[in-house]
Every structure is written in structure tokens, then in C-alpha cells.
Amino acid sequence: MCATIEFGAGMLNPVIASFPEPLVLPLDVLSELGPTLQLLFSEAFSKSPGRQTALDRLFEYLFVLLIRSAMNAHLVDSGVLTGLTDPRLGKAIECMHKHPETSWSLEQLAQRSGMSRARFAAYFREVIGMTPFDYLTNWRLGVAQTMLRKGNSLKLIASAVGYANATALTRVFTQRVGMSPSEWLTRNREHKEEPSPA
């Protein structure tokens, strides 16, 4: 059985960056997955009404269980997933996720984590693998990519992700992604329209 997962927050989603490549988990040794796998395979080979909807929901739940198992087995031990489970860093990361439009300072983020600025900056980099502001920029641009796909204007997106105007957003987007927002959107649409191999 195969599945394609499309993550929110665009191609710069930090969750994706947390995974080793490839991430391989032997299903037969993960007993906690048994009931969900049984339901998933049962639905996959049935012809019941609502089959695809049931498969989609079951696979989303299975994916959560797989990530938990990977973290418990220390196959994912750095990146945003580890940061989100950290009682200190998790608070700052959630603030960035919920309010990308806010002009966060290092001091504000450190306060959310209950740490000094210097300790927060060093610990964030140690656990996440990048500075707080690099992380925040990637998150903002990922949100921008999602909004672009939904047809939002650059002016609206810039405001929603903390940039003064569309020009400022375009400059940072181009530096990080390697192409302008409009070029990225065109390529993204072309990729989606490519026929899948037979």
C-alpha cells in the first residue's frame, strides 16, 4: 500500500526537515500499530461506500502513531518534532507557529521558554539545528507557500506572515527558495498537472 502525504506550510515545513531520509520503520515490530493497520488494510481491499474517506483518516492517524514510534525509538532526535516535545522550546515554537505575523524578538521568545536570551539561542540551535530566526523565516515562507496555493494576494500574505509589504516578502522568498513567489507558484502548478506514470 502506498500513500502520499501533503504537509501544510509549504515545502519549507520544518516537520519534514526533522525526518531522516529515508525513515524506515518495520511495521511488524511496532505492536501499537496493529489495530490501526488491520483497519487500514481491511478498508484498502474493501469496496464499501466511503472507503477513500476512511482510508484518508486512518492513514493520518497511522502517520501520527508512526512519528510517535520513531521518536520513542530515537530515530527522530533533533528538529522541530523534538523541539515541540521539549517543555521549554515547545512554548516558543508554538508562539511562532500560531503568530507568524508577530515581530518576535529573541528576548520575547526566550521569555516564553523561561530561559535567558543566550541560553535560549544556544539551546534552540542545538536541538532544532538552526537559529530561532532562521526557523521563523522558514516557517513564515512555508505558510506563504500554502497561502499562495490558495490564491491569496502577495500583499495579504506579506501581512499575514510578518513582512512590511509584498516587496519585502518577495526578496526573502527569492533568497530562500531560489525563485520569486510567482515563479514558485507556476512551477508548483505545473508539477501538480503532470500526468502520473502508468
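Our structure is the block above this text.
How each quantity is defined
- Residues numbered from 1 in each chain as written.
- Predicted model: local features only at pLDDT ≥ 70, side-chain atom pairs only at ≥ 80, totals over all residues.
- Heavy atoms only, no water.
- Helix = DSSP H or I, 4+ residues; strand = E, 2+ residues; numbered from the N terminus.
- Buried < 20%, exposed > 50% of the residue type's maximum accessible area, 1.4 Å probe, protein only.
- Contact = heavy atoms within 4.5 Å.
- Areas by Shrake-Rupley, 256 points an atom, 1.4 Å probe, with all protein chains shown as cover.
- Phe/Tyr/Trp six-rings, centres within 6.5 Å; stacked < 30°, edge-to-face > 60°.
- Arc of directions from axis to C-beta.
- Patch = residues over 30% accessible without salt bridge, like charges linked within 9 Å, V, L, I, M, F, W, Y side chains within 5 Å.
- Salt bridge = Lys/Arg side-chain N within 4 Å of Asp/Glu carboxyl O.

> Kindly report on the overall build of the protein chain, identifying the contributing residues and their values.
A tally of helices and strands in the protein chain yields eleven helices and zero strands. Across the protein chain, helices and strands are ordered from the amino to the carboxyl terminus as α-α-α-α-α-α-α-α-α-α-α. Expressed as a percentage of the 198 residues in the protein chain, the buried residues total 39%. Put simply, of all contacts in the protein chain between residues at least 6 apart along the chain, 58% involve residues at least 24 apart. By element, 55% of the accessible surface of the protein chain is carried by carbon and sulfur atoms, the whole surface being about 12000 Å².

> Outline the packing of aromatic side chains, listing residues and values.
Across all of its chains, the model carries three aromatic pairs by this definition. Residues Phe124 and Tyr135 carry aromatic rings whose centres are separated by 5.8 Å and whose planes lie at 70 degrees to one another, so their mutual orientation is edge-to-face. Placement of Phe124 in helix 7 (residues 117-128) and of Tyr135 in helix 8 (residues 132-149) is noted, with a sequence separation of eleven residues between them. Of the two residues examined, Phe124 and Tyr135, each falls in the buried class.

> Any details on helix 2 (residues 34-44)? Residues and values, ideally.
Buried residues of helix 2: Thr36, Leu37, Leu40 and Ala44, and no others. The arc enclosing the buried residues of helix 2, seen along the axis, measures out at 95 degrees, which places them on a common side. Exposed residues on helix 2 whose side chains face more than 90 degrees from its buried face are Pro35, Gln38, Leu39 and Ser42.

> Hey, could you go over the environment of Ala122 for me, with residue numbers and the actual values?
Topologically, Ala122 is positioned in helix 7. The exposure class of Ala122 is partly exposed, given its relative accessible area of 42%. In this structure the C-alpha to C-alpha distance between Ala122 and Pro132, which are ten residues apart in sequence, comes to 9.4 Å.

> Explain a nonpolar patch on the surface to me, using residue names and the numbers behind them.
Judged by side-chain polarity, Met1, Phe41 and Phe45 come together as a nonpolar surface patch covering roughly 370 Å² of accessible area. Topologically, Phe41 is positioned in helix 2. Residue Phe41 is classed as partly exposed on the basis of its relative accessible area, which comes to 36%.

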